[in-house]
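Summary of the model geometry
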Amino acid sequence: MLKTKAVIMDEKAMIRATTRIAHEIIERNKGVEDLVLVGIKTRGIPFAKRLAKKIYEIEGKEVPVLTLDITLYRDDLTEIDVNPVVGATEFEIDITDKIVVLVDDVLYTGRTVRAALDALVDKGRPKKVQLAVLIDRGHRELPIRPDFVGKNVPTSKLEVVSVKFKEVDDVNKVLIVER
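The structure displayed is predicted, hence computed values, not measured ones.

Ranked by internal contacts, the top residues of the largest apolar core, which has 32 residues, are Leu37, Leu51, Ile55, Leu134, Ile135, Val163 and Val174. Ranked by residues supplied to this core, first place goes to helix 1 (residues 11-28) with seven residues. Beyond its immediate stretch of four places on either side in the chain, Ile135 contacts Ile8, Met9, Asp105, Val106, Leu107, Lys151, Val153, Val161, Val163 and Val174. Residues Ile70, Leu102, Leu131 and Val149 belong to the second largest nonpolar core, which totals 20 residues.

Here we take up the pattern of salt bridges. Within the structure shown, the criterion is met by 15 salt bridges. Note that Asp136 and Arg140 form a salt bridge whose closest N and O atoms lie 2.9 Å from each other. Residue class for Asp136 comes out buried when judged on its relative accessible area of 9%. Through salt bridges with shared partners, one network takes in Lys3, Lys5, Glu159 and Glu178.

Using the residue numbers shown here, the UniProt feature "short sequence motif: PRPP-binding" (unreviewed entry) corresponds to residues 100-112. Span residues 100-112 is 15% helix and 62% strand, its end C-alpha atoms 16 Å apart.

Looking at the secondary structure, you find Glu159 in strand 7 (residues 159-164). One polar contact links the side chain of Glu159 to the main-chain amide nitrogen of Ser156, over a distance of 2.8 Å. Beyond its immediate sequence surroundings of up to four residues, Glu159 is in contact with Lys5, Arg137, Ile176, Val177 and Glu178.

What follows is about the packing of aromatic side chains. Throughout the structure, instances matching the rule amount to one aromatic pair. Both rings, one in Phe47 and one in Phe165, keep their centres 6.2 Å apart while their planes meet at 20°; by these two values the pair is stacked. With Phe47 in helix 2 (residues 44-59) and Phe165 in the loop between strand 7 and helix 5 (166-169), this pair connects stretches of sequence that are 118 residues apart. Over the ring of Phe91 we find Lys123; its NZ or CZ atom is 5.5 Å from the centre of that ring. When the ring centre of Tyr108 is taken as origin, the NZ or CZ atom of Arg137, which lies over that ring, is 3.9 Å away.

Rules used throughout
Residues numbered from 1 in each chain as written. Predicted model: local features only at pLDDT ≥ 70, side-chain atom pairs only at ≥ 80, totals over all residues. Heavy atoms only, no water. Core = buried A, V, L, I, M, F, W, Y, C linked by side-chain atoms within 4.5 Å. Buried < 20%, exposed > 50% of the residue type's maximum accessible area, 1.4 Å probe, protein only. Helix = DSSP H or I, 4+ residues; strand = E, 2+ residues; numbered from the N terminus. Contact = heavy atoms within 4.5 Å. Salt bridge = Lys/Arg side-chain N within 4 Å of Asp/Glu carboxyl O. UniProt positions renumbered as here; feature names shortened; annotations may be inferred. Polar contact = N/O pair within 3.5 Å; in protein donor to acceptor, adjacent residues only side chain to side chain. Phe/Tyr/Trp six-rings, centres within 6.5 Å; stacked < 30°, edge-to-face > 60°. Lys NZ or Arg CZ within 6 Å of the ring centre and 35° of its normal.

Dropping the structure here:
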């Protein structure tokens, strides 16, 4: 049973973080030329779409949003299920020589991002890969650091950071829950 310990972001805080990250992405890349956002399934996708919408509001240019299913690339597949279901994802556009911003909701051990990098390499050879996360909760097991962070949240390993997006969960908020 999970017990809510704290609400660390409400809807307004999520909007502010998204707006700030969108500005930082534009600034770091001196615009949006050759930029592609890649949302890591599941909650990286609505976050990537929100960033693209915000970038459009700021720059007046559409940035493609691609979906990345990393299930097959995870190193903990056997812990998840004996016979995991893997959805094949093909990108609609070629990411070769593009600036790819990987987008996810929470950065924790870094294993999801490592799997996403493996999956990206199979899809093309980007000019550059950057990482945008809504929450960085620490406890890295791999040398992975985000380029863009909505909020750094120190947590214990017993806590779970639960990001809720209206598109998936019918509500916008970020919670810390205890097992």
